Amino acid sequence: MSECIEESFPLHGLLPKKETGALTYISKYPNYDGRDVLIAILDTGVDPGASGMQSTTLGETKIVDLYDATGDGDVDTSTVVEPKDGYITGLTGRKLKVPTDWENPSGKYHIGVKHMYSIFPSDLLHRMKKTRKEEWSRHHNKLLGEALRSKDEADQCSPKASSETEKLAKQEIDARVELLKNLDDKYEDCGPIYDCVVFNDGQTWRACVDTSESGDLQSCNLMASYREEHQFSRFSDVDMYNYSFNIYDEGNVLEICSTGGSHGTHVASIAAAHIPDCPEKNGVAPGAKIVAIKVGDARISGSEETVSAILRAMVRVIEWKCDLVNLSFGETVRWCDDSRCFDVINDAVENHGVLFFASAGNSGPALSTAGASGCACSSAIGVGAYVSPDMMRAAHSMRDMVPPNTYTFSSRGPTIDGALGVSICAPGGAVTSIPNWELCNGELMNGTSMASPNATGCMALVLSGLKSRTVPYSTASTRRAMRNTAKAVEAADTFSLGYGLIQVDKMFEHMLEHKQQTENRVEFRVKVGTRRGIYVREPSDHAYKQWTYPINVTPLFVTNDPLDEGSNTQLRKDMIDFQKSLVLTCKDSWVNHPSHLQVMSQSRYFSVKLDVDSLKPGAYYTEVLGYDVDCVDKGPLVRVPITVVKPETDDNSKDHKHSWKQTFAPGKVMRHFLTVPAGATSATLQMVPDKNCTLRLQALQLKPNTDVKQTMVSATLGCSAGVFRSYKFSVTENQTLEMCLVKYWSDLGQAEVEYSIKFFGVTTLPSPIVMHAGDAVTQVDTISLLRTQTIAPSVTLTHLVQTIRPCKAQIKPLLTTRDKMPDGSLVYSAILTYTFKMTKSAEVTPDFVLLSSLLYENPFQSQFWMLYDENKRILLNGDAYPIKYKYSRKLSPGEYTIRVDIRHSTYKLLEKLQKSPMLLRYNLGSSTINVGVYADQKQAILGGKAATNVHLPFKAVRPVFLKSVGDESLNKLPVNVSAGMYLEGSLTLIKDMKTANQKLQYILSESCSLVSNDDKEKVTEEKDKLTEYKEAKAKVDAQFIPKLAIDEALKLYREVSGSYGYEKLSLHLAMLSTLQKEISTTLVNTQSDSVEASKQLGVTPLVDYVKEFFGISNAILGDDDKVNKSELIAFFGLKNDDSDGAVTRKGEMTKRKKELIEAYASHISVMADIITFPNDLELEGLVSVPLLQNSWKEMIRFVDPTDKMVGKAYVKYCRANGCSSLAAVQLMKVLDQNKEKSSEELLIEVIGGLNWQHVLKYLKDWMSVKYPPAFLPF
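Here the structure is a predicted model, which is why all the values come from computation and not from measurement.

**Student:** How should I be thinking about the overall build of the protein in this particular structure?
**Tutor:** Looking only at helices and strands, the protein has 30 helices and 59 strands in total. If one aligns the C-alpha atoms of the protein with their principal axes, the spans along those axes are about 115 × 90 × 75 Å. Out of the 1274 residues belonging to the protein, those deemed buried represent 55%. Partitioning the contacts of the protein with sequence separation of at least 6, the portion at a separation of at least 24 is 76%. Surface accessibility of the protein: about 54900 Å² in total, with carbon and sulfur atoms responsible for 49%.

See the structure below:
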């Protein structure tokens, strides 16, 4: 058996290098392995501890800089403290012991705090939550077992309790079990909370994170900024999560640099990993060094990139004079080559000698799915993903091999502005290193994200050779050589392949052979009007029969340093001397063009004419190529891209149906281009295969200024042999539809499929539909434009949309070096602050609508926003595409703040945005609103029979009538309705065809509330002016007492209290509340203070405050019954009161009762605190446990002990009676109703008495998360 087993593993297929000629090249030139080349990896960050990331082939440090451009790792360390007795107090409240070997000449330390779950990648987050829950359960279950045993013993042995103390003791045992179960049920891990310390040792800034979470800084690693000493560490041996530091702004900002996912490490390993023990697993350019820059922000969905991060990254790229950049991120776009992001990339390539590689995208196989930045930016090199048989065998473990091809998902050109889009392709899969926190040595990933670093590594090999031989080159000459030496792949089309598979050895030889060419510093830019190529696709394009296009060719002279005057002088001389004689050719006869073009250093124009009518239906790509007549062998210098899509004719114009029969093989793409007939709104695809198979459908129409993903339909369709499979999707009339069907590249075998597409057209006038609350009934006309149809109309409103405006706008310059533009100019930040209030729970999606549909196209540098609750706790972060990436959060009733950060280098542009609106989109969930739909207006007015089925004859108009939404539905909305808000939903026309739905907006007005005639009229007594004055003065006095210092408040109270009785208690209650706060705060604070401070409890003024307090409370609650408690008891004992003025009397008595309960609660709380906290106060006759229990019994005659009015008093009462568990159970009930900081602090105090350390730490950590001192930095 062993003789039949192949012993060697095809390692070369795990990280492909043979296909690109890299393996041949490095075998021939072993010293040209990437050494002397610096690659910037812009991604989710790179783990310096990952295999292959430690050193180059020369033994030098592999990663020379680790940098987080996103801001997600930033810590505000602007708080400065000095040690006291060798300790500093961190922002978590922990005591941090300063190691004696730390050198800090100033003695000053900057401190901050970091919640680690805010930066943990999702996979690590899930693992750590599971691990930490297991740790919690180990401690918790032990306590629960002990509590259950105690309860069983008490239930079996204890006699019936007689005294209040005995009852409480029994309740305490039961409460301990309930409390432990309650804590376990509500357990939600907030993650590690680390104190951060930054200081200057006299030479440089250093930082330390308290990973011990106990203040033991000696056990933690002290490190400088990574680029200075290349230090990194890991947070714990459990998470294995490596990190490093960068320190800015004189110690006021600490950047914790980590990885936001495994993607970036995998990408870096493909490009340049060096694994000495197994060279076959090396990256493409193992000798290259890396600048690892994190642009994927861990705060937003899937660590997505942000424009501000990419721009920060490019500043660092230029600062380091990087040779190459790899960005394996991207999005489809609304337009190309015009934005802040594209401008900076173009500048880096054209003026700083940076070659910029980027993934083409994974949105294929439909045409025009290639987007930013690789394909939408003129200077970027967009890379498609190629798969070879060796990769199929080793990496993908396929049973059988198929011919080499591009991956099915690889995005295709042309771009929406006519450029080819995909420049070249490279192997798009690899098994290589990932971060240590994944607890795995390597992983298979595939995508254009993997193709791009492979191509980047290939270019690094070429540059390494050129540098070694001191061969002059530029970004222009290398890009041109790469295109002209790329290898065609037979099974792949140009739209996915670009100019071909990158070839290292041939490219190097090409550059050596043509190193002296005069155009080596010249990039020839082609424009067709404002576009980068000719793209004929839409019916409107075909209606234009001239087919003549003006072509502009502009020589662009690139440089490596725009500030090098010597180089610029030579550049100007080269521009004067430059001229090229070009011969123009095209392989296709339907393109008519000039034969020659003389080019100097200025733009030249010529025209191209197309004979589109001669073409059969399908997609065509060709180019007009310009060759140097003096050296044709070096390949074309000028390329004019031309794409023509010619739709198929309607083979059944009456039925609007197209049919086909095709054989689908792995990776074979079937494209059909159809002109959607006028009036069509939806289409149905039907398929029946001869054997079981799975097909991938993409249906795409291009709309002006619209992201292709918004108009693209994608679906994976499983089909059974001989069984019809249908799929419905929406379409837009009079536009070209590409219907693309493909069998996935690795799906072996063939299938013959018969399939057809049929168009339907039911629509409304107007469309989209806008209803207004002021219109009681709205008429909507329906029409079927393609055939007779029956509709079943219904309207559902699913979202409420609220527009809010900033309450504050602040513009300021960003002064740290990382926030300057590449030319050194300042960047300004506009922070807009919005507030809103919710009355009911709902899921909310904030949307900064001005910019939210733009990412790479954004004319500004940032649009990041943060959502906070009223305590400044961060709840949600967002950036571009809030709906796509589901930047949503379910919020409870309360007040909220959103802060938006917009950046630009022009102050005036930001000024224009200071009043920009923000939309809040509330998901109505189960409270969706159904609008009445009627077949005639009378039924709509009367609220009669709703429309069920409406017959629509061909091209006949039939109205339906929509009735306005009633206030009973509006009252269920999560916010108070105001004019300008609107509801969103849809009008369903055909039951099982959602694609025929019409969007609908319902504009709201103020809701209406009527007073019922059944309500009894309140009797208002006539008051004389003196009474009104006294009541108003009492109200003002009561309001001012809490605002005054304690002694001033007492002075005012003594002056005015004599003129008030006890029938109205507001003034007395205000004084009680003020005294209670002073007494309780003093008692609590002295417990953690020195012994000397504790002795002060027995002297004035505290003892006087206590006596003053009980003087007032006893006067209210005493036996002489100044507040007439008996009258209250008698009144609330009545079952009915039908007397005149009953409503007014009930209101007055309810208010008196509430005031009395408030007095009791304050009285009990203060007495309980004095009993609970050790003190030397001499208060005989005022404070004792029996007095406390008696006051409690008195109070519960008026209120249920579980009522939220007395929740905190009950907690303190239980604690004073030695019942901490009972107190904690009640306190958690209080917190269920109203979460406030004081209650949570009290819970921590109570739990502290139980000595449950794991619970205590858990609660304290959450306090740091819930109640931060300030808003987070952007």
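What follows picks up the thread again.
**Student:** Looking at this model, I keep getting lost on the confidence of the model for the protein. Mind explaining?
**Tutor:** In low-pLDDT segments, the atomic positions of the prediction should not be examined closely. Here the protein averages 90 in pLDDT, and 95% of its residues register 70 or above. Long-range and interchain partners of residues 1013–1021, a stretch whose pLDDT sits below 50, account for 6 contacts in this model, where long-range means more than four residues apart. Per-residue pLDDT stays below 50 along residues 1090–1099; that stretch engages in 15 contacts with residues further than four places along the chain or on separate chains.

**Student:** Explain the pattern of salt bridges to me, please; I cannot follow it from the model alone.
**Tutor:** Two side chains carrying opposite charge are able to pair once their charged atoms lie near each other. Under the criterion given, the structure shown has 59 salt bridges. Between Asp323 and Lys467 there is a salt bridge; the shortest N-O distance is 2.8 Å. In this pair, Asp323 sits in the loop between helix H6 (307–320) and strand S17 (324–327) while Lys467 sits in helix H9 (residues 448–468), placing the two residues 144 residues apart along the sequence. Taking relative accessible area as the criterion, Asp323 reaches 10% and is therefore assigned buried. Classification of Lys467 as partly exposed rests on a relative accessible area of 28%. Across the pair Arg537 and Glu538 runs a salt bridge whose closest N-O atoms are separated by 3.5 Å. Overall, Glu538 belongs to the buried group, its relative accessible area being 13%. Salt bridges here are not isolated pairs; linked through shared partners, they connect Arg94, Asp195, Glu213, Lys1257 and Asp1261.

**Student:** Please explain the sheet that holds strand S37 (residues 713–719) as it appears in this structure.
**Tutor:** Strands in a sheet are paired, the pairing made by backbone hydrogen bonds, and the direction either parallel or antiparallel. Spatial strand order, S34-S39-S36-S37: 4 strands in an open sheet with antiparallel pairing. The open sheet has two free edges, formed respectively by strand S34 (669–675) and S37, since each of these has just one partner strand. Geometrically, the sheet is characterised by an average inter-axis angle of 20 degrees between neighbouring strands, direction not taken into account. Here strand S36 (residues 693–700) runs beside S37; their pairing, made up of 7 bridges, is antiparallel. The residue bridging Ala699 from the neighbouring strand is Val713, located in S37.

**Student:** Before we go on, may I ask you to explain the nonpolar core in this structure?
**Tutor:** Soluble globular proteins: nonpolar side chains tend toward being buried together. Judged by nonpolar contacts, the single largest core of 113 residues is most densely connected at Leu42, Phe836, Tyr856 and Leu983. Of all hydrophobic cores here, the second largest spans 95 residues; its members include Leu144, Leu1067, Tyr1105 and Ala1168.

**Student:** Even after reading the chapter, I still don't get helix H24 (residues 1125–1132), so can you show me in this structure?
**Tutor:** One turn of the α-helix equals 3.6 residues, which is why residues spaced by three or four share an orientation. Of the residues making up H24, those classed as buried are Lys1125, Leu1128 and Phe1131. Each buried residue of H24 lies within a common arc of 125 degrees when the element is viewed along its axis, so the set occupies one face. Looking at the buried positions of H24, the neighbouring elements they touch are helix H23 (1102–1117), helix H25 (1142–1172) and helix H26 (1185–1195).

**Student:** Looking at this model, I keep getting lost on the packing of helix H10 (residues 475–485) against helix H12 (residues 504–513). Mind explaining?
**Tutor:** Helix-helix packing is described using two parameters, namely the angle between the two axes and the distance between the axes. Viewed as axis vectors pointing N to C, H10 and H12 meet at an angle of 125 degrees, and their least axial separation amounts to 9 Å. Classed by the angle they form, the pair H10 and H12 counts as oblique. Note that H10 runs across H12; the crossing there is right-handed. Each of Ser477, Thr478, Ala481, Met482, Asn484 and Thr485 in H10 lies in contact with H12, whose residues at this interface are Lys506, Met507, His510 and Met511. Partitioned by chemical class, the residues of the contact of H10 with H12 number 4 nonpolar, 5 polar and 1 charged.

**Student:** How should I be thinking about the side chain of Asn242 in this particular structure?
**Tutor:** The residue Asn242 is located in strand S12 (residues 242–248) in this model. Within polar-contact distance, the side chain of Asn242 engages the side chain of Asp47 at 2.7 Å. A polar atom in the side chain of Asn242 sits 3.1 Å from the side chain of Asn436. Contacts of Asn242, omitting those with residues within four sequence positions, involve Asp47, Pro48, Gly49, Phe232, Ser233, Arg234, Cys257, Ser258 and Asn436.

**Student:** How should I be thinking about the layout of surface pockets in this particular structure?
**Tutor:** With a probe scaled to a water molecule rolled over the atoms, the places where space remains empty come into view. Here the second largest pocket defines a volume of roughly 2000 Å³. Along the wall of the second largest pocket there are 46 residues; nearest its centre are Lys703, Gln710, Ser730, Ile883 and Lys999. Mapped onto the lining of the second largest pocket, the elements with two or more residues apiece are helix H15 (708–711), strand S42 (769–772), strand S45 (794–804), strand S53 (918–923), strand S58 (982–988) and strand S59 (998–1003). Per element, the largest residue contribution to the lining of the second largest pocket is 4 residues, and it comes from S59.

**Student:** I'm lost on the sheet that holds strand S46 (residues 808–814) in this one. Help?
**Tutor:** If you trace the 5 strands from one edge of the open sheet to the other, you get S46-S47-S52-S49-S50, paired in antiparallel fashion. Two strands lie at the open edges of the sheet, namely S46 and strand S50 (874–878), each paired on one side alone. The average angle at which neighbouring strand axes cross in this sheet is 20 degrees, direction not considered. As paired strands, strand S47 (residues 827–838) and strand S52 (residues 894–904) are joined by 11 bridges and run antiparallel to one another. Within S52, the residue paired with Ala830 across the bridge is Ile902.

**Student:** I would appreciate a short explanation of empty space enclosed by the protein in the present structure.
**Tutor:** Within the structure shown, the criterion is met by 9 cavities of 30 Å³ or more. Lining the largest cavity are 28 residues, and of these Ser378, Ala419, Arg479, Arg483 and Tyr499 sit closest to its centre. Taken together, the elements giving at least two residues each to the lining of the largest cavity come down to strand S19 (380–387), H10, strand S24 (522–527) and strand S32 (638–646). Each pocket or cavity is described by its volume, and for the second largest cavity that value is around 140 Å³. Those elements giving two or more residues to the lining of the second largest cavity turn out to be H10 and H12. No other element matches the 4 residues that H10 contributes to the lining of the second largest cavity.

**Student:** Please clarify how the environment of Asp101 should be interpreted in this entry.
**Tutor:** Relative to the assigned elements, Asp101 resides in the loop between strand S6 (95–97) and strand S7 (109–115). Overall, Asp101 belongs to the exposed group, its relative accessible area being 52%. Residues Asp101 and Gln218, spaced 117 residues apart in sequence, show a C-alpha to C-alpha distance of 8.9 Å.

**Student:** When you look at the packing of aromatic side chains in this model, what are you seeing that I'm missing?
**Tutor:** Within a pair of aromatic rings, the relevant descriptors are the distance that separates the centres and the angle that separates the planes. Across all of its chains, the model carries 40 aromatic pairs by this definition. Judged by centre distance (5.5 Å) and plane angle (25 degrees), the ring pair of Phe836 and Tyr896 falls under stacked. Of the two residues, Phe836 is situated in strand S47 and Tyr896 in strand S52; the sequence distance between them amounts to 60 residues. Of the residues examined, Phe836 reaches a relative accessible area of 6% and is grouped as buried. According to the relative accessible area criterion, Tyr896 is buried, its value standing at 8%. Ring-pair connections join several aromatic residues into one group, and the members of that group are Tyr117, Phe120, Tyr194, Phe235, Tyr241, Tyr243, Phe245 and Trp437. We note Arg316 situated over the ring of Tyr67; from NZ or CZ to the ring centre the distance is 4.0 Å. A cation over an aromatic ring shows up here: Lys1043 above the ring of Phe1040, its NZ or CZ 5.1 Å from the ring centre.

**Student:** Would you mind going over the environment of Tyr248 with me for this structure?
**Tutor:** Mapped onto the secondary structure, Tyr248 falls in strand S12. Residues Tyr248 and Thr77, 171 residues apart in the sequence, show an inter-C-alpha distance of 9.8 Å. Those residues in contact with Tyr248 that lie beyond four places of it in its chain are Tyr67, Val253, Glu255, Arg316, Thr816 and Arg818.

**Student:** I would appreciate a short explanation of the pairing of S7 in the present structure.
**Tutor:** Within a regular strand, side chains alternate between the sheet's two faces. Most of S7 sits inside the fold, with 6 of its 7 residues counted as buried. The pairing of strand S4 (residues 79–81) with S7 spans 3 bridges and is classified as antiparallel. Of the residues in S7, the one forming a bridge with Thr79 is Ile111. For S7 and strand S8 (residues 193–200), the ladder comprises 6 bridges, and the chain directions are antiparallel. The residue bridging Ile111 from the neighbouring strand is Val197, located in S8.

Rules and cut-offs
- Residues numbered from 1 in each chain as written.
- Predicted model: local features only at pLDDT ≥ 70, side-chain atom pairs only at ≥ 80, totals over all residues.
- Heavy atoms only, no water.
- Helix = DSSP H or I, 4+ residues; strand = E, 2+ residues; numbered from the N terminus.
- Buried < 20%, exposed > 50% of the residue type's maximum accessible area, 1.4 Å probe, protein only.
- Contact = heavy atoms within 4.5 Å.
- Areas by Shrake-Rupley, 256 points an atom, 1.4 Å probe, with all protein chains shown as cover.
- pLDDT = per-residue confidence, 0-100.
- Salt bridge = Lys/Arg side-chain N within 4 Å of Asp/Glu carboxyl O.
- Pairing = 2+ DSSP bridges.
- Axes fitted to C-alpha atoms, helices over the stretch in contact; angles between N-to-C directions.
- Core = buried A, V, L, I, M, F, W, Y, C linked by side-chain atoms within 4.5 Å.
- Arc of directions from axis to C-beta.
- Parallel < 35°, antiparallel > 145°, perpendicular 65-115°, else oblique.
- Left-handed = near helix turned anticlockwise from the far one by under 90°.
- Nonpolar A, V, L, I, M, F, W, Y, C, P; charged D, E, K, R; others polar.
- Polar contact = N/O pair within 3.5 Å; in protein donor to acceptor, adjacent residues only side chain to side chain.
- 1 Å grid on protein atoms, 1.4 Å probe; cavity = no way out; pocket = protein on both sides within 12 Å on 5 of 7 lines; lining within 4 Å.
- Points joined across faces, edges and corners; volume = space filled by probe spheres on them.
- Phe/Tyr/Trp six-rings, centres within 6.5 Å; stacked < 30°, edge-to-face > 60°.
- Lys NZ or Arg CZ within 6 Å of the ring centre and 35° of its normal.

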